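Geometric and topological summary
Listed here are the chains, written in short residue letters.
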Amino acid sequence: MISLPQAAPRVAKLTALSIGVALLATACGGSSTPGSTGSTTPAASGIACPAPSASGGATTAPGAGGSVPASTTTTETPLKIGSLLPTTGSLAFLGPPEIAGVNLGIKEVNDAGGVLGKPVEVIHRDSGDTKTDIATQSTTALLGSGVSAVIGAASSGVSKTVINQITGAGVIQFSPANTSPDFTTWDDKGLYWRTAPSDVLQGKVLGNYMATCGAQTVGMIVLNDAYGTGLAKNVKEAFEAAGGKVVAEELFNEGDSQFSSQVDKVIASKPDAIALITFDQAKSIVPLMTGKGIKATQMFMVDGNTSDYSKDFQAGTLKGAQGTIPGTFAKDDFKKKLLAIDPALKDYSYAGESYDAVNLVALAAEAAKSTKGTDIAKQLKAVSEAGEKCTDFASCVTLLRNGKDIDYDGQSGPVTFSDAGDPTEAYIGIYEYQDDNTYKPSKEEFGKL
């Protein structure tokens, strides 16, 4: 990971991320309908997770019907959005759903007549990962093309290599998947935003959930970068606050290919549960653990590695393992729209956050009556709060053009920004692996920061 210096925080940042997380809880903290009483998900000795909820997710409110009124303000410079999302590297599995989310958002904006009377343009570039310089090269190309906003990167570590380059150019950086708490206090000139919640929330949910499942001790295998160590810190704090003990915490670096030492040390500590805070290195780590007698039901994964492993492992390898992904469960109607954009989609992680990022940038441009990045940024918080609820570009822009204040709630859940550009409330989905090594929604947690 390339470390970049941080300057003084911008004015009006949150003074602390630990203002408080309010979890709306069932027996396991699910925000949806509780599961049947007395039923649990069987796991390793000492672990028994609550049964999946009967239903889950925030209900998407219907958009406004009728035609969209024409914009009273037109622009000579069309809104141009770039994407900096992974098609190569250790997070490449996140690229397809994120890119599909961006493309669906662009399509719906343009179907509704575009922004300020002009179609929105989109340019896609690969972010790679921290082992390469692809992100810097892609960012240079995007900035040279005159984009007003960049959707990305997915990796917090990658974003740290380009955030100064993007925001220093007066361009919005809007990540659908960055979760490192470091960005809350970054000197980004008010130009860095994200629809994914800080790992303060995901860490609290995962730490509390493992304790709820009955684990008294946890071992962790952690990617040594901003994402991995930040998330591990919050998992550990939550788990130990719930009365548990982290008995092993083994680090590895991006680019490592051998993990036997870390696995052996964690197993030697005899934990009830093991948290894997990795990217696609899980493909190498999981077989090492199962080969040494660790049961899938002892494994707890995170958004960086909760993926489709149906082509990677023998059937049943991950059956009963669980993982967390920020955001509400993708609804069937949204999945259908995404599949129309990319019929090959298998994962939907951060598709909603990417879709919401496009809509929010487009709506803020309408509110600002400008396609300039610095002008758009000044309206992003306003379109996310304290107005008339709306859930897609057409319904929201209709309200704006009729002189109404709007409160956009999207596919990722309620979206309300802090002054730091962070979501102040969000869902964390908990997923359970099936016999074919794919995962299905189990329950959700809703939290506020």
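Residues numbered from 1 in each chain as written. Predicted model: local features only at pLDDT ≥ 70, side-chain atom pairs only at ≥ 80, totals over all residues. Heavy atoms only, no water.

When its secondary structure is counted, the protein shows 11 helices and 17 strands. The buried share of the protein, reckoned over its 449 residues, is 58%. Counting every atom, the protein has about 16,400 Å² of accessible surface; 50% of that belongs to carbon and sulfur. (Helix = DSSP H or I, 4+ residues; strand = E, 2+ residues; numbered from the N terminus. Buried < 20%, exposed > 50% of the residue type's maximum accessible area, 1.4 Å probe, protein only. Areas by Shrake-Rupley, 256 points an atom, 1.4 Å probe, with all protein chains shown as cover.)

Now for the nonpolar core. One finds M210, M220, I277, M289 and L318 to be the most contacted residues of the largest nonpolar core, which totals 63 residues. Per-element tally for this core: the top contributor is helix 4 (residues 199-212), with six residues. Formed by 47 residues, the second largest nonpolar core is a distinct cluster that contains A362, L400, Y408 and V415. (Core = buried A, V, L, I, M, F, W, Y, C linked by side-chain atoms within 4.5 Å.)

This part covers the state of the cysteines. Tallying each qualifying case throughout the model produces two disulfides. The partner cysteine of C49 in its disulfide is C213, sulfur to sulfur 2.1 Å. Torsion about the S-S bond of the C49 and C213 cystine: about 115°, corresponding to right-handed handedness. Within this pair, whereas C49 is found in strand 2 (residues 48-50), its partner C213 is found in the loop between helix 4 and strand 8 (217-223), the two being separated by 164 residues in sequence. Here C49 matches C213 in class, with each residue buried. Between the sulfur atoms of C390 and its disulfide mate C396 the distance is 2.1 Å. On the S-S bond that ties C390 to C396, the torsion sits near 110°, and the link is right-handed. The burial state of C390 is the same as that of C396; both residues are buried. When the cysteines engaged in disulfides are numbered in sequence order, the protein pairs them as 1-2, 3-4. (Disulfide = S-S within 2.5 Å.)

The next point concerns the sheet that holds strand 13 (residues 388-390). Reading across the sheet, the three strands line up as 13-14-15 and stay open at both edges, with mixed pairing between neighbours. Every interior strand has two partners, whereas the edge strands, strand 13 and strand 15 (413-414), have only one. (Pairing = 2+ DSSP bridges.)

Structurally, V158 is set in helix 3 (residues 156-168). On a C-alpha basis, the gap between V158 and G128 in space is 8.0 Å, while along the polypeptide they are 30 residues apart. Among residues more than four places away in sequence, those in contact with V158 are S127, G128, D129, T130, A135 and A153. (Contact = heavy atoms within 4.5 Å.)

On to the sheet that holds strand 4 (residues 121-126), then. Pairing is parallel in the open sheet, where five strands are placed in the order 4-3-5-6-7. Taken across any chain shown, the strands that pair with only one partner, and hence form the sheet edges, are strand 4 and strand 7 (192-194). When the angles between neighbouring strand axes are averaged without regard to direction, this sheet yields 20°. Summarising the sheet, strand 3 (residues 80-85) and strand 5 (residues 149-152) pair through four bridges and their orientation is parallel. Bridge pairing in strand 5 links I81 to A149. Contacts between helix 2 (residues 134-144) and the sheet are confined to strand 3, strand 4 and strand 5, with strand 4 contributing the most and set at about 160° to the helix. Taken strand by strand, helix 10 (residues 373-380) contacts strand 6 (172-175) and strand 7, and its axis lies near 45° from that of strand 6. (Axes fitted to C-alpha atoms, helices over the stretch in contact; angles between N-to-C directions.)

This part is about helix 5 (residues 226-241). Over its 16 residues, helix 5 extends 23 Å from the first C-alpha to the last, a length consistent with the 22 Å expected when each residue adds 1.5 Å. Among all positions in helix 5, only A226, Y227, G228, G230, L231, A232, N234, V235, A238 and F239 are buried. Structurally, helix 5 contributes buried residues whose contacts are with helix 3, helix 4, strand 8, strand 9 (245-252) and strand 10 (273-277). If you check the start of helix 5, you find a side-chain oxygen 3.1 Å away from the backbone N of Y227, and it comes from D225. (Expected span 1.5 Å × (residues − 1). Polar contact = N/O pair within 3.5 Å; in protein donor to acceptor, adjacent residues only side chain to side chain.)

A few words now on the pairing of strand 12 (residues 322-326). The side chains of a regular strand alternate between both faces of the sheet. In terms of burial, strand 12 is a largely internal element, five of the five residues being buried. Of the two faces of strand 12, the one holding Q322, T324 and P326 and the one holding G323 and I325 are both buried throughout. Taken together, the two bridges between strand 11 (residues 299-301) and strand 12 define a ladder with parallel strand orientation. By the bridge assignment, M301 is partnered in strand 12 with G323. Pairing of strand 12 with strand 16 (residues 425-433) involves five bridges; the strand directions are antiparallel. Each bridged residue has a counterpart across the sheet, and for T324 the counterpart in strand 16 is I430.

One pass over the structure, following the stated rule, counts 15 salt bridges. For D422, the salt bridge is made with R194, and the minimal N-O distance between the two is 2.7 Å. With D422 in the loop between strand 15 and strand 16 and R194 in strand 7, this residue pair connects regions lying 228 residues apart in the sequence. Through salt bridges with shared partners, a single network forms among D129, K131 and E254. (Salt bridge = Lys/Arg side-chain N within 4 Å of Asp/Glu carboxyl O.)

With that settled, consider the packing of aromatic side chains. Applying the stated criterion across every chain, the model contains 14 aromatic pairs. Judged by centre distance (5.1 Å) and plane angle (25°), the rings of Y227 and F279 are stacked. Highlighted residues: Y227 in helix 5 and F279 in the loop between strand 10 and helix 7 (282-291), separated in sequence by 52 residues. The class of Y227 is buried, set by a relative accessible area of 3%. Taking relative accessible area as the criterion, F279 reaches 3% and is therefore assigned buried. On the basis of an interplanar angle of 85° and a centroid distance of 5.1 Å, the ring pair of F252 and F259 is categorised as edge-to-face. The exposure class assigned to F252 is buried, which follows from its relative accessible area of 1%. (Phe/Tyr/Trp six-rings, centres within 6.5 Å; stacked < 30°, edge-to-face > 60°.)

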